[in-house]
Amino acid sequence: MPLSANNPDRISWLHVGKNSDFPIQNLPFGVFLTRDDIITIGTRIGDTAIDLGALHQLGYFKDIPLTEDIFLQDTLNDFIADGRKTWRAVRNRIAEIFDANNDSLKNNTKHKEAILFRLDEIEMQLPVQIGDYTDFHSSLESATNAATILKGTDNTLLPNWLHIPIGYHGRSSSVIPSGIPVHRPQGQTLPEGETTPVFGPSKLIDFELEMAFITTDANDLGEPIPIADAEEYIFGLVMLNDWSARDIQKWEYAPLGPFLAKNFASSISPWIVTLDALEPFRIESPKPLKKQFDYLKYEGKKSYDINLEISIQPQGAKENIVSKSNFKYMYWNMSQQLAHHTINGCPVNSGDMMGSGTISGPTEDSYGSMLELSWNGTKPLKLKDGSERSFINDNDTVIMRGHCEKDGTRIGFGEVSTKLLPVYTKK
Ligand code: MN
């Protein structure tokens, strides 16, 4: 099926601002609560949210095989499970409906009232019920920085890193959408030079600049996904801020790996941008530095050129952009991650979320965590209000944004914005 929704020359009859992340070529999918307190699946053009449930009820998806209630749900899991052919047919149809040359909905005031919402009339929800959340560690620059800082070795990767897309199983219960604040966690830490741990608020709260992909039902127990097929099972991507408590992490992570330092919150942007929409922005992955096993070998361009930025906003003060990175720096791409995840027969389901790992670029201003940006606190960042940050302070808001741009078309993710609150106290 052709990707007619990606036609770069198409203009919508809905207004789209010049630097909008959401032109008619994007058409992401999300879930929102409407002004009438109804939850629905929707998409977005410019600053207009579009109720796909209402569009479907009013007959605009006639002749696309969809169940009646497919968009009248509080998650995208069932729609995602319908597979790529359906995603494409629906995106192509939405593009036709909102094409400037199509009058059918444009001239129907009654229908428009039921279908269109301003952003301030809706509340974005988590787009999927995430069954399993896996977090990879796939940026060579970030892995090298982390090994250098935490293990004191000089630019030495762990011996497995260039052979395996390293990952761990995270926790889905604390994945939250943009806008939901997070409390500073408490936990056990081992102060520098001590041999006995202390309990209290984490002193080293950090973000991780990541992207995550959302999968569809992919394989049965025991059945690996061949790398050449992997993208068939990727619905789309979101921005991910994988909150981390570095002091808790350091004390707890041996010998089994990440635990409470990583599972108190993981924030995602609410619109899933489809892999189809990102098609024009494909780019080569970095060249392998070591021979890779056949199940990890791929052909063609499997990475995407997505500009990323991180900003810190202290309470009542201006935003400060502290880093600019790019998804293309990922050493292990999504196809390799999915092939590796299933090589042992582990099943992947509709709505699973796979984080990339911190995405750092090669330069000091492109690192994806405070651990790296402040080099473990030895080089604090200066903010516009005169204050300094080595890690994140209470009441700071961390904002991550991402967008692609090529030949005049800009496709973006919006943002994931999260405020860090002080330690939780019972009211
Ligand atoms: Mn992470």
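Everything below is about the structure printed above this text.
Residues numbered from 1 in each chain as written. Predicted model: local features only at pLDDT ≥ 70, side-chain atom pairs only at ≥ 80, totals over all residues. Heavy atoms only, no water.

1. Considerations on the layout of surface pockets
Here is step 1: If you add up the space inside the largest pocket, you get close to 760 Å³.
Here is step 2: When contributions to the lining of the largest pocket are tallied by element, the ones reaching two or more residues are β6 (133-136), α5 (140-151), β7 (167-169), α6 (246-252) and α8 (370-373).
Here is step 3: The greatest single-element share of the lining of the largest pocket, amounting to 6 residues, is contributed by α5.
Here is step 4: Counted by class, the lining of the largest pocket contains 13 nonpolar, 9 polar and 8 charged residues. (1 Å grid on protein atoms, 1.4 Å probe; cavity = no way out; pocket = protein on both sides within 12 Å on 5 of 7 lines; lining within 4 Å. Points joined across faces, edges and corners; volume = space filled by probe spheres on them. Helix = DSSP H or I, 4+ residues; strand = E, 2+ residues; numbered from the N terminus. Nonpolar A, V, L, I, M, F, W, Y, C, P; charged D, E, K, R; others polar.)

2. As for the pattern of salt bridges
Here is step 1: Summed over all chains, the structure comprises 26 salt bridges.
Here is step 2: With its nearest N and O atoms 3.0 Å apart, the salt bridge here joins Glu388 to Lys382.
Here is step 3: In this structure Glu388 comes out as partly exposed when scored by relative accessible area, which is 43%.
Here is step 4: Its salt-bridge partner being Arg401, residue Glu415 comes within 3.1 Å of it at the nearest N-O pair. Taken as a pair, Glu415 in strand β26 (residues 409-421) and Arg401 in strand β25 (residues 397-406) lie far apart in primary sequence, 14 residues in all.
Here is step 5: Note on Glu415: relative accessible area 30%, which makes it partly exposed.
Here is step 6: Overall, the relative accessible area of 24% leaves Arg401 in the partly exposed class. (Salt bridge = Lys/Arg side-chain N within 4 Å of Asp/Glu carboxyl O. Buried < 20%, exposed > 50% of the residue type's maximum accessible area, 1.4 Å probe, protein only.)

3. Description of unusual backbone geometry
Here is step 1: Omega for the peptide link from Ala254 to Pro255 comes to 0°, which places this bond in the cis form.
Here is step 2: Structurally, Pro255 is set in the loop between α6 and β16 (266-268).
Here is step 3: Even without being a glycine, Asp37 presents a positive backbone phi close to 65°.
Here is step 4: Within the secondary structure, Asp37 is located in the loop between β1 (30-33) and β2 (39-45).
Here is step 5: A positive phi angle, close to 45°, is found at Asp407, a residue other than glycine.
Here is step 6: Positionally, Asp407 belongs in the loop between β25 and β26.

4. Re the sheet that holds β2
Here is step 1: Pairing in this open sheet of 5 strands is antiparallel, and the strands run β4-β3-β2-β1-β5 from one edge to the other. Looking at strand neighbours, the two that pair on one side only are β4 (116-118) and β5 (123-124), the edges of this open sheet.
Here is step 2: The pairing of β1 with β2 spans 4 bridges and is classified as antiparallel. When the bridges of β2 are listed, Phe32 appears paired with Thr40. (Pairing = 2+ DSSP bridges.)

5. Let's talk about the coordination of the manganese ion
Here is step 1: Those donors, Asp135 (OD), Glu208 (OE), Glu210 (OE) and Asp242 (OD), are the protein atoms that reach the manganese ion, and they lie 2.1 Å from it.
Here is step 2: Sequence positions of the residues that donate to the manganese ion give the spacing D-x72-E-x1-E-x31-D. Of this pair, Asp135 sits in strand β6 while Asp242 is found in strand β14 (residues 234-242), placing the two residues 107 residues apart along the sequence. Pair check on accessibility: Asp135 and Asp242 agree, each one buried. (Donors = N, O, S within 2.8 Å, 3.2 Å for Na, K, Ca; no water.)

6. What about helix α7 (residues 334-342)?
Here is step 1: Burial within α7 is extensive, with 9 of its 9 residues counted as buried.
Here is step 2: Along α7, the positions that sit buried rather than exposed are Met334, Ser335, Gln336, Gln337, Leu338, Ala339, His340, His341 and Thr342.
Here is step 3: Elements that come into contact with the buried residues of α7 comprise β6, β7, β13 (209-215), β14, β19 (303-304) and β22 (353-355).
Here is step 4: One side-chain oxygen at the N-terminal end of α7 lies 3.1 Å from the backbone nitrogen of Ser335; it belongs to Asn333. (Contact = heavy atoms within 4.5 Å. Polar contact = N/O pair within 3.5 Å; in protein donor to acceptor, adjacent residues only side chain to side chain.)

7. Describing a negative patch on the surface
Here is step 1: The grouping of Glu68, Asp69, Asp78 and Asp82 at the surface amounts to a negative patch.
Here is step 2: As for its position among the elements, Asp69 is in the loop between α1 (52-57) and α2 (77-81).
Here is step 3: With relative accessibility at 42%, the residue Asp69 sits in the partly exposed group. (Patch = residues over 30% accessible without salt bridge, like charges linked within 9 Å, V, L, I, M, F, W, Y side chains within 5 Å. Areas by Shrake-Rupley, 256 points an atom, 1.4 Å probe, with all protein chains shown as cover. Lys, Arg positive; Asp, Glu negative; His and termini not counted. Charge placed at Lys NZ, Arg CZ, Asp CG, Glu CD.)

8. Let's talk about empty space enclosed by the protein
Here is step 1: Counted according to the given criterion, the structure contains 1 cavity of 30 Å³ or more.
Here is step 2: What the largest cavity holds in volume is close to 40 Å³.
Here is step 3: Taken together, Lys302, Ser303, Phe327, Met330, Trp332, Asn333, Met334, Gln337 and Ser356 make up the lining of the largest cavity.
Here is step 4: Tallied by class, the residues present in the lining of the largest cavity amount to 4 nonpolar, 4 polar and 1 charged.

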